[in-house]
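# Architecture and fold: a report
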Amino acid sequence: MAFLKAKEHLEKYDLALISFKSSKQLHSLRVSKYNPSYKEKVISIRNPEGKRFVKTYGKIKSKKYYTFKSNDDLLPIQTLKHNAYISYGSSGSALLNQQ
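What comes next concerns the included structure. (Residues numbered from 1 in each chain as written. Predicted model: local features only at pLDDT ≥ 70, side-chain atom pairs only at ≥ 80, totals over all residues. Heavy atoms only, no water.)

## Points about the overall build of the protein chain
Scanning the protein chain for helices and strands turns up one helix and five strands. The N-to-C order of helical and strand elements in the protein chain reads α-β-β-β-β-β. Here the protein chain holds 99 residues, and 13% of them are scored as buried. Sequence separation of at least 24 residues holds for 52% of the intrachain contacts in the protein chain that already meet a minimum separation of 6. (Helix = DSSP H or I, 4+ residues; strand = E, 2+ residues; numbered from the N terminus. Buried < 20%, exposed > 50% of the residue type's maximum accessible area, 1.4 Å probe, protein only. Contact = heavy atoms within 4.5 Å.)

Printed below as a string of structure tokens:
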């Protein structure tokens, strides 16, 4: 029952939770307990148009968060401005800080 509630909640944010098993030793990223702050360094890692692991660097450029509201049933989300270049075809890419 809790899984269904979590699934419904995640769908409202357009997120996917993926689980799998592997015989290989795989590494994962921890989610920071803190939001990135103004002027903090960030890196964008993406796979645009068939390329793999393209990286660009930048900094957080906003001092406050902005609320993004879509025209569908998704819940509003908090967003921030940064200047790490993200190109066409990179939706769903990671923006990471040093935390």
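Picking up where we left off.
## Let's talk about the sheet that holds strand 2 (residues 54–59)
As summarised here, the arrangement of the three strands in space is 2-1-5, forming an open sheet in which the pairing is antiparallel. Looking at the sheet topology across the chains shown, the edges are occupied by strand 2 and strand 5 (94–97). Taking the axes of each pair of neighbouring strands and ignoring which way they run, one obtains an average angle of 25° across the sheet. Note that strand 1 (residues 41–46) and strand 5 share four bridges and pair antiparallel. Among the inter-strand pairings, valine 42 is bridged to a residue of strand 5, identified as asparagine 97. (Pairing = 2+ DSSP bridges. Axes fitted to C-alpha atoms, helices over the stretch in contact; angles between N-to-C directions.)

## Digging into the environment of serine 62
For serine 62, the position within the fold is in the loop between strand 2 and strand 3 (66–68). As for serine 62 and lysine 39, which are separated by 23 residues in sequence, their C-alpha atoms are 8.0 Å apart. Serine 62 has contacts with Tyr38, Leu80 and Lys81, leaving out every residue within four places of it along the chain. In this structure the side chain of serine 62 is engaged in a polar contact, spanning 3.0 Å, whose partner is the backbone nitrogen of lysine 81. (Polar contact = N/O pair within 3.5 Å; in protein donor to acceptor, adjacent residues only side chain to side chain.)

## Here's the deal with the packing of aromatic side chains
Throughout the structure, instances matching the rule amount to zero aromatic pairs. Over the ring of phenylalanine 53 we find arginine 52, and its NZ or CZ is 4.7 Å from the ring centre. If you follow lysine 63 out to its NZ or CZ, it ends over the ring of tyrosine 38, 5.0 Å from the centre. (Phe/Tyr/Trp six-rings, centres within 6.5 Å; stacked < 30°, edge-to-face > 60°. Lys NZ or Arg CZ within 6 Å of the ring centre and 35° of its normal.)

## Quick notes on unusual backbone geometry
You will see that lysine 39, though not glycine, has its phi angle at about 70°, which is positive. Along the chain, lysine 39 falls in the loop between helix 1 (2–12) and strand 1. We note that phenylalanine 53 has phi near 55°; this positive angle belongs to a residue other than glycine. Along the chain, the position of phenylalanine 53 falls in the loop between strand 1 and strand 2.

## A few points about the side chain of glutamate 40
Inspection of the secondary structure assignment puts glutamate 40 in the loop between helix 1 and strand 1. For glutamate 40, which is buried and forms no salt bridge, the nearest opposite charge comes from lysine 41, at a distance of 10 Å. In this structure the side chain of glutamate 40 is engaged in a polar contact, spanning 3.2 Å, whose partner is the side chain of asparagine 97. Apart from the residues lying within four places of it in its own chain, the contact partners of glutamate 40 are Asn35, Gly58, Lys59, Ile60, Asn97, Gln98 and Gln99. (Lys, Arg positive; Asp, Glu negative; His and termini not counted. Salt bridge = Lys/Arg side-chain N within 4 Å of Asp/Glu carboxyl O.)

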